[in-house]
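Observations on chain architecture
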Amino acid sequence: MQHHVSHQPHQSSQENFELADTAPQIGDRWISGGAAFGGRGWMNAERITSTYDLVEQTYYLYVRVVKAKDLPPSALTGSCDPYVEVKLGNYKGRTKHFERKVNPEWNQVFAFSKERIQSSILEIFVKDKEMVGRDDYLGRVVFDMNEVPTRVPPDSPLAPQWYRLEDRRGGGKVRGDIMVAVWMGTQADEAFSEAWHSDAAFVYGEGVLNIRSKVYVSPKLWYLRVNVIEAQDVIPNDKTRLPEVCVKVQVGSQVLKTKISPARTLNPLWNEDLVFVAAEPFEEQLVLTVEDRVHPTRDDVLGMISLPLTMFEKRLDHRPVHSRWFNLEKFGFGALEVDRRKELKFSSRIHLRVCLEGGYHVLDESTMYISDQRPTARQLWKQPIGILEVGILSAKGLLPMKMKDGHGSTDAYCVAKYGQKWVRTRTILDTFSPKWNEQYTWEVYDPCTVITLGVFDNCHLGNEKQGTTSARDSKIGKVRIRLSTLEAHRIYKHSYPLLVLHPSGLKNMGDLQLAIRFTNLSVANMIYLYGHPLLPKMHYLNPFTVNQVDNLRYQAMNIVAVRLGRAEPPLRKEVVEYMLDVDSHMWSMRRSKANFFRIMSLLSGLFTVNRWFGDVCHWKNPITSVLVHILFLILIWYPELILPTLFLYMFLIGLWNYRFRPRHPPHMDTKLSWAEAVHPDELDEEFDTFPTSRPQDTVRLRYDRLRSVAGRIQTVVGDLATQGERFQSLLSWRDPRATSFFIMFCLCAAVVLYVTPFRVVALVAGLYLLRHPRFRSKLPAVPSNFFKRLPAQSDSML
């Protein structure tokens, strides 16, 4: 299998899967003389500043077209439909046009990358859009590139100026004025994210929005706890029988039911908690329905009520909220049925205790890779303990994700998620080595959290063919970094492999280059946090069941995906689900193997210590055995040194290991994930849909394999249970003879230990364990034989 994997074209060397150090030229490099707007000569030498210091600085020529006035009307129509065209060399950008307006306002920004500037003049044309024939020139403004000032943030934006339009052939001034600002800046400029970019000129329509960088905020999530207590005067449709009543509660797409009331009565009692996820602003209503189970396949609706979520109390701790009675509306009662409105004078009632839980953290991501642990209520938040800064520099060696004009293409963008803040870089078009150079900052409230970064291929550029509106952005790869593994105030500059498991095997989809810095604000707060519970205290005072946590997390992920999908531009559902690990609970033979070997690697340390002690006892190395005897005698003679010696050893081991500490953040480990030598059939099973879509024979083979693996697990678990039950049976009289022997032994041991000094007992026991091999028997020891003879409950298993 390893031989097969090694022949895949993108796995030519193990280097592809390793983290690599990089040395990007990060930090602000401003043009000399450009510290003020009057600076000249922006192609000269550079100087370095330190405001935008985790990315490589890239320069852009910014052109802000604000408005025009007093434009000449057309001789034919008596008005004009003006627009502006900005031309720099071979690049042209144009504003939208206005119909019949001589004083238009555009306020659009154009950005031209310095790397692609090939002209020494910038031309701004004002044109009149014609329905038939060529558009008319109304005038132009020309700027010399050597005269363009440089703007250094955080200086205020450059003030636009009025320029008189001149004839296109340089024949003097013409009628009309245009307000324009032109300056040289970097990606740190406020205009950068909203600008039209010269390297995305062919993108149009909605695609223009979809390629811009944006910052998103997750919706504020609450747990809604509905305690259904009781109902009164529930009248069944069939008056000859007592109802079997349950309550169905719905919030949006979430539906939960109580159990059927244990007593068949007109006043049923439940006292059952139902928990939902709700997001601000609260758009859904709480819809409660009382149902009568008249047949196993049919429920009669006896009454219902719809309540807005804004009417419920928000609680911050475990103190109970007040309960309330609500009148139920008779099912089928319509507003137009005037003659039946008197029926509302007497109605069924239901007793509820409903609250929005502000003391929990609503889990919307895997608890293994959690990025935020704050409770919902802002009043319970602590002060931030640090700042996380991430420079998303570039990617290299990306694979083609789609075909465009007969060749492979990738339009890549990067998404980073930490806490409630999501960021999305701009899309770099048609390149396998995109350079974003965008820097983002997050507040850190707990260092034991993970930032997730994903790279995606943009499939929504506005030029999709008809019928492909359901296109999904393709996943290229993902990187996770745990903040607690980073040293404070150090800049980490590494290239992370984007490793993805495909049905064909493990692929390196390219490398993502990042610069990361974690700044610690308070050492005292950090020390306090490490002794503090990971989640808010409500998770421990009133915990949820495992099934509840899984179901609530699934609902929270759906809500986050829907709300972020409604932003402009949308952060699409497939992106959000990939970043939140929506499929982490699915069965995988590969992952099960990986977890098994993780446990074995942990136990291997115990096995190694046990083997070393066995070698000491068997005098494999006489010098080591003598030293252990001397240490043992010292500790027996001075027992007060036992604990100090233990902690001193751990201190010295920690100091020794400092030399070998990791120098880079953790990354995806292919060996640990058991991804390099995975069997093709196991991969096919991992990527199978749920429920399965594979042929019956394949499913039967996999089921038999799963049974064999589960059988071995079952045996191991049974053996562990047997050992524990044998220990219990020592004093349970399940084996009367064994128990009587053991309690007599305990009595004798108590007498002996009472009259014998502890130092002597420990000395004799230790020397017996360390005795020379010539005094050892190859047969098992008496305590082991006695323990293995004890009964367990396996005898009672069918």
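Conventions we followed
Residues numbered from 1 in each chain as written. Predicted model: local features only at pLDDT ≥ 70, side-chain atom pairs only at ≥ 80, totals over all residues. Heavy atoms only, no water. UniProt positions renumbered as here; feature names shortened; annotations may be inferred. Helix = DSSP H or I, 4+ residues; strand = E, 2+ residues; numbered from the N terminus. Patch = residues over 30% accessible without salt bridge, like charges linked within 9 Å, V, L, I, M, F, W, Y side chains within 5 Å. Areas by Shrake-Rupley, 256 points an atom, 1.4 Å probe, with all protein chains shown as cover. Salt bridge = Lys/Arg side-chain N within 4 Å of Asp/Glu carboxyl O. pLDDT = per-residue confidence, 0-100. Contact = heavy atoms within 4.5 Å. 1 Å grid on protein atoms, 1.4 Å probe; cavity = no way out; pocket = protein on both sides within 12 Å on 5 of 7 lines; lining within 4 Å. Points joined across faces, edges and corners; volume = space filled by probe spheres on them. Nonpolar A, V, L, I, M, F, W, Y, C, P; charged D, E, K, R; others polar. Axes fitted to C-alpha atoms, helices over the stretch in contact; angles between N-to-C directions. Parallel < 35°, antiparallel > 145°, perpendicular 65-115°, else oblique.

Digging into the UniProt feature "transmembrane region" (unreviewed entry) in the protein chain
Under the feature "transmembrane region" (unreviewed entry), the UniProt entry names residues 626-658 and 741-770. End C-alpha atoms of residues 626-658 are separated by 30 Å, and the span's content is 88% helix alongside 0% strand. End C-alpha atoms of residues 741-770 are separated by 27 Å, and the span's content is 90% helix alongside 0% strand.

Details of a nonpolar patch on the surface
Taken together, the side chains of Ile623, Val626, Leu627, Ile630, Ile634, Trp637, Tyr638 and Leu641 present a nonpolar region at the surface, about 790 Å² in accessible area. Mapped onto the fold, Ile623 is located in helix 8 (residues 622-637).

A few points about the confidence of the model for the protein chain
Taken as a whole, the protein chain shows an average pLDDT of 83; of its residues, 90% reach a score of 70 or greater. Least confident of the elements in the protein chain is helix 1 (residues 2-6), whose mean pLDDT is 37; most confident is strand 26 (residues 412-418), at 95. When the criterion is pLDDT under 50, residues 1-15 qualifies, and its contacts beyond four places in sequence or with other chains add up to 22 contacts. Contacts from residues 333-345, a stretch scored under 50 in pLDDT, to residues over four places away or in other chains number five contacts.

Some details on empty space enclosed by the protein
Using a probe with the size of a water molecule, rolled over the atoms, empty space left in the structure can be pinpointed. For the structure shown, the criterion picks out four cavities of 30 Å³ or more. Around the largest cavity sit 17 residues that line it, and Leu221, His361, Val362, Asp372 and Gln420 are the ones nearest its centre. Here the residues of the lining of the largest cavity are counted per class, giving six nonpolar, five polar and six charged. Approximately 140 Å³ is the volume attributed to the second largest cavity. Lining the second largest cavity are 14 residues, and of these Ala195, His197, Ala200, Ile211 and Arg212 lie nearest its centre. Here the lining of the second largest cavity is composed, by residue class, of seven nonpolar, four polar and three charged.

Thoughts on the packing of helix 7 (residues 589-617) against helix 8
It is at 8 Å that the axes of helix 7 and helix 8 come closest, and there the two elements cross at 95°. Relative to helix 8, the element helix 7 is oriented roughly perpendicular. Across the interface between the two elements, Trp612, Asp615 and Val616 of helix 7 pack against Thr624, Ser625 and Val628 of helix 8. Taken together, the residues of the contact of helix 7 with helix 8 break down into three nonpolar, two polar and one charged.

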